[in-house]
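This is what each chain is made of:
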Amino acid sequence: MIGLFADPRVATAAAAADAALLSVEHLTMRFGGLVAIDDVSFHAARREITAIIGPNGAGKTTVFNCLTGFYKPTVGRLTLNREGTLFYLERMEDFRIAQEAHVARTFQNIRLFPAMSVLENLVVAQHNALMRASVMTFAGLFGLKRYRDAEKAAVEKARYWLERINLADRADWNAGNLPYGDQRRLEIARAMCTEPVLLCLDEPAAGLNPRESAELNELLRFIRDEHGIGVLLIEHDMSVVMEISDHVIVLDYGRKIADGSPEAVRSDPNVIKAYLGEDEADELPPEIVADLEQKTGGEA
Amino acid sequence: MATHVRTAEGSLDLPAILKDCLMTGLVVFALAAPIIGLRTIDTPGGLGIDYRFDDVAFAVLAGIVGRFLLNLYWAYGGRRRPKAKTEEIAGGRAGAFMKKVGLYGGPAAILFAIAMPMLPFADRYTLDVAILVLTYIMLGWGLNIVVGLAGLLDLGYVAFYAVGAYSYALIAAHFDWSFWVCLPLAGLFAAFFGVILGFPVLRLRGDYLAIVTLGFGEIIRVVLLNWYEFTGGPDGVSGVPRPSLFGLEFARSSSDGPTFHQFFGLEFSSLHRIVFLYYVILALALITNFVTLRLRKLPIGRAWEALREDEIACRSLGINPTNTKLTAFAIGAMFGGFAGSFFATRQGFISPESFTFIESAVILAIVVLGGMGSQIGVVIAAIFLIGGTEVFRDLEQYRMLAFGGAMVLIMIWKPRGLLAHREPTLRLPPSRKPEAAPLAGGAS
Ligand SMILES: Nc1ncnc2c1ncn2[C@@H]1O[C@H](COP(=O)(O)OP(=O)(O)OP(=O)(O)O)[C@@H](O)[C@H]1O
Ligand SMILES: [Mg+2]
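Residues numbered from 1 in each chain as written. Chains lettered and ligands numbered in written order. Predicted model: local features only at pLDDT ≥ 70, side-chain atom pairs only at ≥ 80, totals over all residues. Heavy atoms only, no water.

If you look chain B up in an unreviewed UniProt entry, it shows as Branched-chain amino acid ABC transporter permease from Oceanibaculum pacificum. According to the UniProt record, the Subcellular location (unreviewed entry) comment for chain B reads "Cell membrane". (UniProt positions renumbered as here; feature names shortened; annotations may be inferred.)

Within an unreviewed UniProt entry, the label attached to chain A reads ABC transporter ATP-binding protein, and the organism entered is Oceanibaculum pacificum. Quoted verbatim from the Sequence similarities (unreviewed entry) field of UniProt, the annotation for chain A is "Belongs to the ABC transporter superfamily."

Summing up its helical and strand segments, chain B has 16 helices and four strands in all. Every one of the 444 residues in chain B was classed for burial, and the buried ones make up 45%. Taking all contacts inside chain B whose residues are at least 6 apart in sequence as the whole, residues at least 24 apart take part in 69%. Counting only carbon and sulfur atoms, one obtains 68% of the accessible surface of chain B, whose full area is about 22,700 Å². (Helix = DSSP H or I, 4+ residues; strand = E, 2+ residues; numbered from the N terminus. Buried < 20%, exposed > 50% of the residue type's maximum accessible area, 1.4 Å probe, protein only. Contact = heavy atoms within 4.5 Å. Areas by Shrake-Rupley, 256 points an atom, 1.4 Å probe, with all protein chains shown as cover.)

Residues and elements named next belong to chain B. Once the domains are mapped, chain B shows domain 1 (14-78) and domain 2 (113-413). Distance between the C-alpha centres of domain 1 and domain 2: 35 Å. With six residues of domain 1 at the interface, the matching set in domain 2 holds five residues. Buried surface at the junction of domain 1 and domain 2, summed over both partners, amounts to about 520 Å²; 85% is from carbon and sulfur atoms. Per-residue buried area on domain 1 facing domain 2 is highest for K19, M23 and L26; these three make up 57% of the total on that side. At the boundary of domain 1 and domain 2, one finds zero salt bridges. Across the domain 1-domain 2 interface, the total number found is zero residue pairs in polar contact (both at pLDDT 80 or more). (Domains from an automatic or database assignment. Buried area = accessible area lost by both parts, 1.4 Å probe. Salt bridge = Lys/Arg side-chain N within 4 Å of Asp/Glu carboxyl O. Polar contact = N/O pair within 3.5 Å; in protein donor to acceptor, adjacent residues only side chain to side chain.)

Let us look at a nonpolar patch on the surface. A grouping of L38, I49, Y51 and F53 of chain B is seen on the molecular surface, where their side chains present a nonpolar patch of about 370 Å² in accessible area. Inspection of the secondary structure assignment puts F53 of chain B in helix α2 (residues 53-76). (Patch = residues over 30% accessible without salt bridge, like charges linked within 9 Å, V, L, I, M, F, W, Y side chains within 5 Å.)

The subject of this paragraph is the layout of surface pockets. Residues and elements named next belong to chain B. If you add up the space inside the second largest pocket, you get close to 1,500 Å³. Residue lining of the second largest pocket: 35 residues in total, with F29, A33, F384, F392 and F403 positioned closest to the centre. Looking at the lining of the second largest pocket, the elements that each hand over two or more residues are α1 (14-35), β2 (46-51), α2, α15 (375-391) and α16 (398-413). Of the residues in the lining of the second largest pocket, the class split is 28 nonpolar, four polar and three charged. (1 Å grid on protein atoms, 1.4 Å probe; cavity = no way out; pocket = protein on both sides within 12 Å on 5 of 7 lines; lining within 4 Å. Points joined across faces, edges and corners; volume = space filled by probe spheres on them. Nonpolar A, V, L, I, M, F, W, Y, C, P; charged D, E, K, R; others polar.)

As a further point, take the coordination of the magnesium ion (ligand 2). All names here are of chain A. Protein-derived ligands of the magnesium ion (ligand 2) are T61 (OG1) and Q108 (OE1), with the metal-ligand distances lying across 1.9 to 2.1 Å. A residue pair is termed long-range when its members are at least 10 positions apart, and T61 in helix α3 (residues 60-67) and Q108 in the loop between β7 (103-105) and α5 (118-124) qualify at 47 residues. When its relative accessible area of 33% is taken as the criterion, Q108 is described as partly exposed. (Donors = N, O, S within 2.8 Å, 3.2 Å for Na, K, Ca; no water.)

Residues and elements named next belong to chain A. In the vicinity of ligand 1, 14 residues are found, and the nearest of them are N56, K60, T61, T62 and Q108. One of the backbone N or O atoms of A58 is found 3.2 Å from an oxygen atom in ligand 1. K60 is positioned such that a nitrogen or oxygen atom in its side chain is 2.8 Å from an oxygen atom of ligand 1. When isolated, ligand 1 has an accessible area of 630 Å², and the protein chains bury 66% of it. No other element matches α3, which puts three residues into the shell around ligand 1. Looking at the shell around ligand 1 residue by residue, the classes come out as five nonpolar, seven polar and two charged. (Near = heavy atom within 4 Å.)

For the rest of this paragraph, the subject is α1 of chain B. Helical periodicity: at 3.6 residues per turn, an α-helix aligns residues three or four positions apart in one direction. Here α1 of chain B spans 31 Å end to end across 22 residues, near enough to the 32 Å set by a 1.5 Å rise per residue. Of the residues making up α1 of chain B, those classed as buried are A16, I17, D20, C21, M23, T24, G25, V28, A32 and A33 of chain B. (Expected span 1.5 Å × (residues − 1).)

Looking now at the packing of aromatic side chains. All names here are of chain A. Inspection of the entire model under this criterion finds 20 aromatic pairs over all chains. When the ring of F31 is compared with that of Y71, the centres are 5.2 Å apart and the planes differ by 80 degrees; the resulting orientation is edge-to-face. You can see F31 sitting in strand β2 (residues 22-31) and its partner Y71 sitting in the loop between α3 and β5 (75-82), a full 40 residues away along the chain. Above the plane of the ring of F222 lies R164, whose end atom (NZ or CZ) is 3.8 Å from the centre. When the ring centre of F113 is taken as origin, the NZ or CZ atom of R190, which lies over that ring, is 4.8 Å away. (Phe/Tyr/Trp six-rings, centres within 6.5 Å; stacked < 30°, edge-to-face > 60°. Lys NZ or Arg CZ within 6 Å of the ring centre and 35° of its normal.)

Here the focus is the packing of helix α5 (residues 158-175) of chain B against helix α13 (residues 321-347) of chain B. Residue and element names in this part refer to chain B. α13 packs onto α5 with a crossing angle of 50 degrees between their chain directions and a minimal axis gap of 6 Å. On the basis of their axis angle, the class for α5 and α13 is oblique. Where α5 crosses over α13, the two elements pack in a sense that is right-handed. Contacts between α5 and α13 involve F160, Y161, G164, A165 and Y168 from the former and F329, A333, G336, G337, A339, G340, S341, F343, A344 and T345 from the latter. Partitioning the contact of α5 with α13 into residue classes produces nine nonpolar, six polar and no charged. (Axes fitted to C-alpha atoms, helices over the stretch in contact; angles between N-to-C directions. Parallel < 35°, antiparallel > 145°, perpendicular 65-115°, else oblique. Left-handed = near helix turned anticlockwise from the far one by under 90°.)

Let us now look at the nonpolar core. Counting residues in hydrophobic clusters, the biggest one holds 148 residues, and the most contacted among them are L186, L199 and I223 of chain A together with Y278, I350 and F355 of chain B. If one sorts the elements of this core by residue count, helix α4 (residues 124-149) of chain B sits on top with 16 residues. Not counting residues within four places of it along the chain, the set of residues in contact with L186 of chain A comprises L112, V118, L122, I165, L167, A175 and L178 of chain A. By size, the runner-up hydrophobic cluster in this structure holds 31 residues, among which are L21, F42, V103 and V197 of chain A. (Core = buried A, V, L, I, M, F, W, Y, C linked by side-chain atoms within 4.5 Å.)

With that settled, the discussion passes to unusual backbone geometry. Residue and element names in this part refer to chain A. Backbone geometry at H26 places phi at a positive 55 degrees, although glycine is not the residue there. You can see H26 is positioned in strand β2. By relative accessible area, which is 48% here, H26 ends up partly exposed. Of note, the phi angle at E195 is positive, near 60 degrees, even though the residue is not glycine.

Looking now at the domain arrangement of chain A. Residues and elements named next belong to chain A. Assigned domains of chain A: these are domain 1 (1-102 + 198-300) and domain 2 (115-195). Each partner contributes to the roughly 1,400 Å² buried at the junction of domain 1 and domain 2, and carbon and sulfur atoms together form 68% of this total. One salt bridge connects R185 with E215, and the closest N-O pair in it is separated by 3.3 Å. Counting only elements with at least two residues in the side of domain 1 that touches domain 2, the list comes to β8 (198-202) and α10 (210-227). Top contributing element to the side of domain 1 that touches domain 2 by residue count: α10, with eight residues. Considered class by class, the residues forming the side of domain 1 that touches domain 2 number 11 nonpolar, four polar and four charged.

So, in structure tokens, the structure goes:
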């Protein structure tokens, strides 16, 4: 166990073989007196979309910030299992989490590189691979073949994702000039260009129209099924959550109040209470009832 | 630039009109200053120049008043002013134009710079001004890496210029090595200082970084001023050796070996040395430019720009921000160091006087005025700022006033610098796959 403290990565292939992709244990995050996350534990698996839902201020984004190293959790262990190698994310710096553990994320307020072209956004995401190919810039400076090939491969990977998100014809646009929905999808594509094993999406459907939202569902399913990675999804839009997630975790005031399949969570009394307040617990607003019925009807 | 002379309510949009008039005045001034303002006259000592500022002022005034009346006519006289089409098309045109400038303007400017010393008007004074302008172009290009590409506001760039100059002067004085050996050493020293400074301060952002770098620039100057035994303090270092061409000195005669004019069988002329210095700084500046252009297209250059755009996003993509910033800082410092050692060898004498904060400010002004990240912008701004201040020396104290005013006007007219257009570092090549690739379909 002493070795654990020396190196955040410990290869215990046998033990990790069937472990979850990500396990969060007793995660607690305090900001001064405010407890943003209070002893939350959950797992996320490969080839699954795990949704994290909860009212505003429940601590969802804070969980992501802990996972990706932007915040250091007050207490807790965050273990990522990448092909049998364990990474303890709470001890790693933010950029190392992306670089070594291959956890990628998007942001609630889109963070593209607005003055750079769409293609450049996707190539920047492959920085570490390209740096290796350019031998810390020297091979690139002299235009060696090895680097030129790597750059071509990076552009082809970018093209693959551009075709996936229907932006190939606007590859040379400045990312900041794209419509909002396209920016959202570009941010996801950019995260995918880092070759993640775990993709964390913070409200990707926010501000999308129904058509764009359907396209997004398609894209997320494609990422899960074809690339076999785990997806963590924060989302307020219940139609997205219910339709595509395999597993839902509900947070409220920093506590986990439910964890299970979408069907189980939807009928959980705690969840209904959290979303609607104590008093009207058994009296759902009409639009939510309609929404739920439509969903159940659609699936039947 | 679509200027609407009337607001939606139908009243006059006075600021827009005034801006328009000022622009006209500026254009008239640019045209009138050389055409009307300067007149060659015969003087006993040869050809002289007569300045006619009152005539220029009249021309500018006439332009402004005329434009104002025209604006009033547009506002009340029925016919609408032809509007620019759409923002997008305008941007596209600017892009196409800038591409042409890059394609033909750059090489043309380089050819002109190479031919310059051979042209008839290249006397000693012109060459001196050209060398000065080129030094600032090089400094501007060096700082452009740090400020324009990596987005790190560095107010102490002169520190690296000073480190380069003193490294060269002191190494040359103590070890008696030639300019060509000391030049890379001076660059390395400056880069080393860049890393040393960068390591603790690059965690800071924006204004904080600016203040710390400003402080660092002053610290270097104060150390140079007070470390008397090593740097000579306020007396500076004199007798800095001049550069030689493969061991050929530029002197009337030399104790060791033939000098330049003896070797080539030329008449001795002090101009040879100036022309040689001109080509040295031209070569150094062009190297800076080509290395920058090359780096910009490499992963490291794109990472610099990404860092300027959004550091948090960079972290989320696994880009090490500290290393990336450090490389920008070190490479920028290295070019500053090269320029510094050139400065030392050209002057033959250096003292802390030459490395005050105002130098940092001028270099930064060149970068900002030119359009952050634009290589050609730096050239234009350096010619305008450095060449301009030299040429208009006769205006004496009004010179600075005029340039301050001109800078304010440019910042109003083009807040992102003269040439703010950015070309992508790579474009998507046309697909080689057939149209009906299996990847298409699905999402739509
Ligand atoms: N850096 C911080 N400093 C102090 N308090 C913070 C910080 N970050 C988050 N919080 C607090 O933590 C709580 C949870 O915030 P968080 O952003 O995680 O909510 P969320 O579930 O993402 O909400 P939303 O749905 O509105 O995005 C909030 O009360 C917030 O004010
Ligand atoms: Mg949030």
